[in-house]
Amino acid sequence: MGEVKALRCITCGKEYSPDDVEYTCPKCGPRRGTLEVIYDYETVAKQLTRESLAADQERTMWRYLPLLPIPDRRFIQPLRVGYTPLYSYDEYARELGLGALYIKDDGQNPTASYKDRASSVAVIKAQEKGKRVVTAASTGNAASSLAGFSAATKLKTMIFVPRTAPEAKVTQLLIYGAKVFLVNGSYDVAYDLAAEAAEEFGWYNRSAAVNPYLVEGKKTGALELAEQMAWNPPDVVLVGVGDGSVVSGICKGFSELQKIGLIDRLPQVIGVQAEGSAPIAASFSKYDGNTVAIDDIEAETVADSICVGKPRDIVKAVTYVHANGGRFITVSDKQIMAAIATMARRTGVFPEPAGAAPFAGLLKLAAQGDIAGKSAAVMVTGNGLKDIATARRVAGSAIEIEPTLAVVKEHL
Ligand SMILES: *Cc1c(COP(=O)(O)O)cnc(C)c1O
Ligand SMILES: [Zn+2]
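In short, a report on the structure.

### Details of the coordination of the zinc ion (ligand 2)
Within the protein, the atoms that donate to the zinc ion (ligand 2) are C9 (SG), C12 (SG), C25 (SG) and C28 (SG), at distances of 2.3 to 2.4 Å. Here the donor residues for the zinc ion (ligand 2) map to a single chain with the spacing C-x2-C-x12-C-x2-C. Given the relative accessible area of 2%, C9 is considered buried. For C12, a relative accessible area of 33% puts it in the partly exposed group.

### Considerations on the packing of aromatic side chains
Under the counting rule described, the total for this entry stands at seven aromatic pairs. Ring geometry for Y23 and Y204: centres 6.1 Å apart, planes at 35°, overall tilted. Of the two residues, Y23 is situated in the loop between β2 (15-16) and α1 (29-32) and Y204 in strand β9 (residues 204-205); the sequence distance between them amounts to 181 residues. Classification of Y23 by relative accessible area gives partly exposed; the value is 21%. Accessibility expressed as a relative area gives 0% for Y204, which makes it buried. Where F284 meets F328, the ring centres are 5.1 Å apart and the plane angle is 65°; that geometry is what we call edge-to-face. Here F284, found in helix α12 (residues 279-286), pairs with F328, found in strand β12 (residues 327-331); they are 44 residues apart in sequence, far enough to count as distant. By the burial criterion, F284 is buried, and F328 matches it. Of note, R117 hangs over the ring of Y114, and the distance from its end group to the ring centre comes to 5.1 Å. For the cation-ring pair, R346 lies above Y92, with the distance from its terminal atom to the ring centre recorded as 4.2 Å.

The rules we used
Residues numbered from 1 in each chain as written. Chains lettered and ligands numbered in written order. Predicted model: local features only at pLDDT ≥ 70, side-chain atom pairs only at ≥ 80, totals over all residues. Heavy atoms only, no water. Donors = N, O, S within 2.8 Å, 3.2 Å for Na, K, Ca; no water. Buried < 20%, exposed > 50% of the residue type's maximum accessible area, 1.4 Å probe, protein only. Phe/Tyr/Trp six-rings, centres within 6.5 Å; stacked < 30°, edge-to-face > 60°. Helix = DSSP H or I, 4+ residues; strand = E, 2+ residues; numbered from the N terminus. Lys NZ or Arg CZ within 6 Å of the ring centre and 35° of its normal.

Written as structure tokens, this is what we have:
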């Protein structure tokens, strides 16, 4: 079982006991004072070995429990989270000039997004802390997954989403029984409101970044990818970036695997942002290894899940990707839209726009010859059925016909 040794501030480095702080470093504040969860890696290395994992029958992310901030199994939900499939495409890889192409389909989680990895941890933490209400601000997926994982508990869920959230995501929230506030404002506005409400009413806050335990859930995608590739991870891993928590989790996951001796070499992590919502990519390009620049913007992109102008995990994302030796790139909305259809048609995996963004990034890098001969994995973070309206714009149209074979023949 995972035992947290300390929570360490990403900016000032001060270490706290998990009982002494709830969310962020009091000295550095909620934006720069995000906390990293530190374990006793010598102990973890003894508990998590290639052999122990090979013998473990558990096909969920809970197989990595010694490296998760969860002291016992008491509050683990029955929903199967993680251990999502990894697919490989040899012919398509050759066509793109890559050594290998892998797709990890996190649309197959219980509520159909990568966020389930984090929400499942949040729901456990809220119960451990004896909370009755959990809240989150979300572009959609974080909330619907929180609502899904709370559903089978006594927790009540209060959700703040921007008014523009796709219908499927709002419907998910309502059907799981959450109280949903459609905020007249952007995700960034909804985020601040949720934080204020959590403070005022004593709710547990699952919002990205401020809660140190969420990145722990989000790192499990990296652990699985490495294990599914027999501890020989690909050269590059691409993932979509909004708040920066998922990309931070993936970097931390690989780094911890290296620390406990399960992998020898770090894959290069490439964070992909939408052009109209790329404050982390902008900050990274200026980063000199010292202070992370924070310049918020008004974000706009078709990829609602990564439409974030005020990224809350920017400090971790920039620091971790720098330490990983990775980088950030941007793609246009046009490239994202095209990638939805290309990915569905070439791989059989139907992504939501934010899940297609890293694939758009891969196609862009491949076309530039930037990753020639390399093995690449794309993290598909959300299922395409989450946002039908956008997919319809690139799907083409069906043919309306009278029910005769002659008419069918005319259209062939
Ligand atoms: C949340 C989300 C992301 C990005 O995660 P961040 O932690 O906000 O960077 C990417 N894709 C999907 C589908 C998401 O829901
Ligand atoms: Zn600090």
